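What follows is each chain in one-letter form.
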Amino acid sequence: MAYDCTDTAAFKGVWVFCEQREGKLMPTDFELISEARKLADELGCELSGLLLGENVEGIAKELGGYGADKVLVCDSPLLKDYTTDAYTKVICDVIHEYKPEVFLIGATNIGRDLGPRCAARLHTGLTADATHLDIDTAKYMDFLRTSSTIDVDSQKFNMEDRNLKMTRPAFGGHLMATIICPRFRPQMSTVRPGVMKKSAFDAAKAEACQIVKPAFELTEADCKTKVLSIEKAAKKMVDLIGADVVVSVGRGISKDPQAGIKLAEELAAELGGVVGASRAVVDSGWISSDHQVGQTGKTVHPKIYVALGISGAIQHVAGMQDSEMIIAVNKNDMAPIFGVADYGICGDLFKVVPQLIASIKAAKAAE
Amino acid sequence: MKAIVCVKQVPDTSGKVAVNENGTLDRASMATITNPDDLAAVEAALRLKDQTGCEVIVVTMGPPPAEGMLRELIARGADRAVLVSGREFGGSDTFATSQILAAAINKIGVEKGDVVFCGRQAIDGDTAQVGPQIAEKLHLPQITYVADVKVEDGVVTAKRMLEDGFMMIQAETPCLLTCVKELNEPRYMSVGGIFECYSKPMDVFDYNALKDDPLIEVDTIGLKGSPTNVFKSFTPPQKGAGTMLEGDDVAAQMAGILAAKHLI
């Protein structure tokens, strides 16, 4: 049957692009599979992972442990390292063949290169960097009740609506928008890493996960770009997304940035966490960009988030507001950060933080 | 040899952002700027001009006042500008926008040796989608997240940033690059440039100028035609105010709270 992107009824199943680098799955793959499992259950359909690489069949079954019924594995030496052209061709060819209803891609630097190219070729819409996904309208309404200022019960909703509702921040987090793609399939979104929760690994499900090897054609002539080399950053990147505690510094450290960062490191060490930073600190070159929390940095939801000398610009808040406990230290008692903080301390961080470290040490000793 | 640069005028979201009661952005009350990543793209094109003498053409899609931004970019050193503007284009999503811009670039003409520069993403939408989608429509190779670039003998070598490092990628021209603002430090307008900026050519491509281009499907552009639609837009609720700790022993109070919650 000919492929027709407007024949919405012909498309079935939820797919997740599972990115690998150097033969290892990315953490965001497990988050997306876990989230997509819920969507597939709401639609009553299968969930499939799509994995491209060289000799990657061995890592595919792990995705089953997070909820994938199947993994489609496309194996080729030409797919070892990511290239836009090779990956786009193979993915679009496989989608033409299997016609999934929903196709999700992690919004990594690679996913955001691949997603738009695929969507343009498949003639469908693409939502960028979604932070929340719903099929079921009742669940979407519950989401709006807790996450918006909309008076949900005064509005009419079509409870039969089965479109994927893809919610994302816009204008630096000042607005949220829910996007739909009603006329074309697949419904595509890139999804922000670190936002969706990974479910518990189920070894039996991993074992039961089916491996499918779709046919595809790919030659060297299909790849218009050449990867000359791949370099890892020289120093180890900070794992902000996986951290239980994040101690972030903002412009408040400017009178002595190095001392401020050192204090944050000491406090982070005492709490068992890592150091984050606002955009201002990264832009000033005081710390590397892998530490950046916020709209253009990373989204974190640690158990404890400590904001030191951060005013609380909405772009920053967008990246940390879902932390379980937020502690803010700021000299300005009108700083917007106190509006999202669970506990606020108005004071100079260079005075407060050493006291805090001492008090935490004392409290630990007293236990 | 040409360098074609796609730019966007955006509301300055680093300042105060005004939101209308219905949840849309109150654009009228906000200052506009040239999107920061796009300035890096313009600078990269101007450096290519410094090196090779190529022509630099800046292209934007937007309402007629975007002409002011284009004149500024001419004052920085661009040779000419194209304003893509029409009511039919309003409300376009990235799929629709990329068709329109691809058709405009097609009309300008892309040949061997040419490079199309875009910013990585615009600060109002943060999608990073229009660059790659233009490349797809024009059948050009793309390199995104470019933090360093060299163009020699019709071959582009670029440093493409990853979260945990970078790739070195090579592509033949014509190709499309999306630039991050770490790529360079944009130059200022020159005095001579400011004097000349209104005497340099600026074309306006409206709906009629582009509608017959094979890259445009007229029923998938604009607000109605775009594949994606905004289902709802809303403002996040303000979180209830927390507790401000007061007194001389705030540090001890805080440590006590953490201990009571078994967090230390």
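Along each chain, numbering runs from 1 in the same order as the chain's sequence is written. Here every chain gets a letter starting at A, and every ligand a number starting at 1, in the order they are written. Only residues with pLDDT of 70 or above have their local features reported here, since the model is predicted, and side-chain atom pairs are shown and tallied only from 80 upward, although totals for entire chains, interfaces and linings are computed over all residues.

Chemist: I'd like to hear about the overall build of chain B, residue by residue, with values.
Modeler: Numbering goes from the N terminus for both helices and strands, where a helix is a DSSP run of H or I of at least four residues and a strand is a run of E of at least two. Across its full length, chain B carries eight helices and 13 strands. With the principal axes as the frame, chain B shows a C-alpha extent of 70 × 40 × 40 Å. Buried means a residue has 20 or more other C-beta atoms within 10 Å of its own C-beta, exposed means 12 or fewer, and partly exposed covers the counts in between; C-beta atoms are placed from the backbone. Counting over 264 residues, chain B shows a buried share of 48%. In chain B, 71% of the contacts between residues at least 6 apart in sequence involve partners at least 24 apart. By the criterion used throughout, residues are in contact when their C-beta atoms, derived from the backbone, lie within 7 Å.

Chemist: Give me the lowdown on the domain arrangement of chain A, citing residues and values where you can.
Modeler: All names here are of chain A. Start and end points for every domain follow an automatic or database-based domain assignment. Entries for chain A in the domain assignment read domain 1 (8-222) and domain 2 (245-366). A separation of 33 Å is found between the C-alpha centroids of domain 1 and domain 2. Each partner contributes residues to the interface: domain 1 has seven residues there, and domain 2 has eight residues. Class assignment of the residues belonging to the side of domain 1 that touches domain 2 gives a composition of two nonpolar, four polar and one charged. When residue character is reported, Ala, Val, Leu, Ile, Met, Phe, Trp, Tyr, Cys and Pro are called nonpolar, Asp, Glu, Lys and Arg charged, and the others, Gly included, polar.

Chemist: Residues and numbers for the sheet that holds strand E17 (residues 325-330) of chain A, please.
Modeler: Across the sheet, six strands lie side by side as E15(A)-E14(A)-E16(A)-E17(A)-E18(A)-E13(B); this open sheet has parallel pairing. Every interior strand has two partners, whereas the edge strands, strand E15 (274-277) of chain A together with strand E13 (243-245) of chain B, have only one. Direction aside, the axes of adjacent strands within the sheet are offset by 20° on average. Axes here refer to lines fitted to C-alpha atoms; in helices the fit is confined to the stretch in contact. Angles between the N-to-C directions go from 0 to 180 degrees. Contacting strand E16 (304-308), E17 and strand E18 (343-346) of chain A, helix H11 (residues 349-366) of chain A crosses the sheet at an angle of about 135° to E17(A). Its contacts with the sheet place helix H8 (residues 250-260) of chain B against E17 and E18 of chain A together with E13 of chain B, and it is angled at close to 165° to E18(A). Think of it this way: DSSP has to see at least two bridges between two strands before they count as a pair.

Chemist: Describe the packing of H11(A) against H8(B), naming the residues involved and giving the relevant values.
Modeler: Any two packed helices are characterised by how steeply their axes cross, that is the angle between the axes, and by the distance between the axes. Across the interface, H11(A) lies against H8(B) with an axial gap of 8 Å and an inter-helix angle of 45°. With respect to H8(B), the axis of H11(A) lies oblique. The element H11(A) and its partner H8(B) pack so that their crossing is right-handed. Within the contact between the two elements, H11(A) uses Val352(A), Gln355(A), Leu356(A), Ser359(A), Ile360(A), Ala362(A) and Ala363(A) and H8(B) uses Val250(B), Ala251(B), Ala252(B), Met254(B), Ala255(B), Gly256(B), Leu258(B) and Ala259(B). Of the residues that constitute the contact of H11(A) with H8(B), the class distribution is twelve nonpolar, three polar and no charged. Any angle that falls under 35 degrees is termed roughly parallel, while one over 145 is termed roughly antiparallel, one within 65 to 115 roughly perpendicular, and all others oblique. Put simply, a crossing is left-handed when the front helix is turned counterclockwise from the back one by less than a right angle, and right-handed when it is turned clockwise.

Chemist: An account of the interface of chain A and chain B is needed here, citing residue identities and associated values.
Modeler: Contact with chain A, which involves 71 residues of that partner, is made by 65 residues of chain B. Looking at the side of chain A that touches chain B residue by residue, the classes come out as 35 nonpolar, 20 polar and 16 charged. The pairing of strand E13 (residues 225-232) of chain A with strand E9 (residues 165-172) of chain B spans seven bridges and is antiparallel. Considered in E9(B), the bridge of Lys226(A) is made with Gln170(B).

Chemist: Tell me what's going on with the pairing of strand E4 (residues 47-53) of chain A, and back it up with residues and numbers.
Modeler: Residue and element names in this part refer to chain A. The buried count for E4 comes to seven of seven residues, which makes it a mostly enclosed element. Here E4 shows a buried face lined by Leu-47, Gly-49, Leu-51 and Gly-53 and a second buried face lined by Ser-48, Leu-50 and Leu-52. Sheet topology note: the strand E1 (residues 14-18)/E4 ladder contains five bridges and is parallel. When the sheet's bridge partners are listed, Val-16 is paired in E4 with Gly-49. Pairing between E4 and strand E5 (residues 70-75): six bridges, direction parallel. Looking at the pairing, Ser-48 lines up with Lys-70 of E5.

Chemist: Residues and numbers for the sheet that holds strand E9 (residues 165-170) of chain A, please.
Modeler: Strand order in the open sheet formed by four strands is E8(A)-E9(A)-E10(A)-E12(B), and the pairing between neighbours is antiparallel. Each having just a single partner strand, strand E8 (132-134) of chain A together with strand E12 (229-234) of chain B make up the two edges of the open sheet. Neighbour-to-neighbour, the strand axes of the sheet open up by a mean angle of 25°, direction not taken into account. The pairing of E8(A) with E9(A) spans three bridges and is antiparallel. Residue Leu133(A) lies in a different strand from E9(A), and its bridge partner there is Met166(A).

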